[in-house]
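Read off the chains here:
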Amino acid sequence: MPKASAGLLMYRKRNDQLEALLVHLGGPLWKNKDRGAWFVPKGEINPGEDQFAAAQREFQEETGLIPAGEFISLGSVKHKSGKTVTAWAFAGDCDPASLKSNTLEMEWPPKSGKRAQFPEIDRAEFFTIERAREKMHPAEFEFLTRLERLLESSES
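Enquirer: Give a detailed account of the pairing of strand 6 (residues 84-91), specifying residues and quantitative values.
Expert: The element strand 6 is extensively covered by neighbouring structure, given that six of its eight residues are classed as buried. Pairing analysis gives eight bridges linking strand 1 (residues 4-14) to strand 6, with the strands arranged parallel. From the neighbouring strand, Leu-8 faces strand 6, where its bridge partner is Trp-88. Pairing of strand 5 (residues 72-78) with strand 6 involves five bridges; the strand directions are antiparallel. Counted as the bridge partner of Val-77 is Val-85 from strand 6.

Listed below in structure tokens is the structure:
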């Protein structure tokens, strides 16, 4: 069965431009990747867990921030792998350099029998829509397109 994840997209307006907080996955497999390697902070939904509760939990685990404010549903997108990601957006601001992520453990180097810990998220950054288009995982860029459209319609 394909996996399901939920996440939160923090956004802000700077110099009349919409910016979104994206995260870069940690660990050695993502270390040297940049294009297509930035994501909405998200994670797997536990069995029986409410999607929105999972999104809030994952955002806090991956950033160390407690999400608050009015949340806007952005719907769902599907990755090529078949995984479905559901997201909500909220207005906020932070210093991305100060964010603290939880850790993951994996066998490293591969087939060595040794276990190592890595931050689940190794960095975060606010991106304009144009920059996000270059950096984001393509399936998840749709969330920014939807957010931009929703914000424009609420301003008119």
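There's more to say after this.
Enquirer: An account of the environment of Val-77 is needed here, citing residue identities and associated values.
Expert: As for its position among the elements, Val-77 is in strand 5. Given the relative accessible area of 9%, Val-77 is considered buried. Each C-alpha atom, one on Val-77 and one on Pro-109, is 33 Å from the other, the two residues being 32 residues apart in sequence.

Enquirer: Before we move on, can you summarise unusual backbone geometry with the specific residues and values?
Expert: Residue Trp-108 is joined to Pro-109 through a cis peptide bond whose omega torsion reads -5 degrees. Tracing the backbone shows Pro-109 in the loop between strand 7 (103-107) and strand 8 (115-119). Despite not being glycine, Asn-15 shows a phi value in the positive range, around 50 degrees. As for its placement among the helices and strands, Asn-15 is situated in the loop between strand 1 and strand 2 (17-25). Phi is positive for Asp-16, which is not a glycine, with a value near 60 degrees. Here Asp-16 lies in the loop between strand 1 and strand 2.

Enquirer: Hey, could you go over the environment of Arg-57 for me, with residue numbers and the actual values?
Expert: Mapped onto the elements of the fold, Arg-57 is located in helix 1 (residues 51-63). When the C-alpha atoms of Arg-57 and Pro-67 are compared, they prove to be 9.0 Å apart, with ten residues separating the residues in sequence. Reaching out from Arg-57, the side chain makes a polar contact with the side chain of Glu-49 at a distance of 2.8 Å.

Enquirer: Got a sec to walk through the pattern of salt bridges? Specific residues and values, please.
Expert: Scanning the entire structure with this criterion turns up 14 salt bridges. The closest approach of N and O atoms between Asp-34 and Lys-135, which form a salt bridge, is 2.2 Å. Here the residue Asp-34 occupies a position in the loop between strand 2 and strand 3 (38-39), and Lys-135 occupies one in helix 2 (residues 129-135), the gap between them amounting to 101 residues. On the accessibility criterion, Asp-34 (28% relative accessible area) is partly exposed. Its salt-bridge partner being Glu-61, residue Arg-57 comes within 3.5 Å of it at the nearest N-O pair. Remark: Glu-61 and Arg-57 occur in helix 1; sequence separation between them is four residues, near one turn of the helix. With relative accessibility at 23%, the residue Arg-57 sits in the partly exposed group. Judged by relative accessible area, Glu-61 falls into the partly exposed class, the value being 31%.

Analysis parameters
- Residues numbered from 1 in each chain as written.
- Predicted model: local features only at pLDDT ≥ 70, side-chain atom pairs only at ≥ 80, totals over all residues.
- Heavy atoms only, no water.
- Buried < 20%, exposed > 50% of the residue type's maximum accessible area, 1.4 Å probe, protein only.
- Helix = DSSP H or I, 4+ residues; strand = E, 2+ residues; numbered from the N terminus.
- Pairing = 2+ DSSP bridges.
- Polar contact = N/O pair within 3.5 Å; in protein donor to acceptor, adjacent residues only side chain to side chain.
- Salt bridge = Lys/Arg side-chain N within 4 Å of Asp/Glu carboxyl O.

Function-wise, these values are silent; they only describe arrangement.
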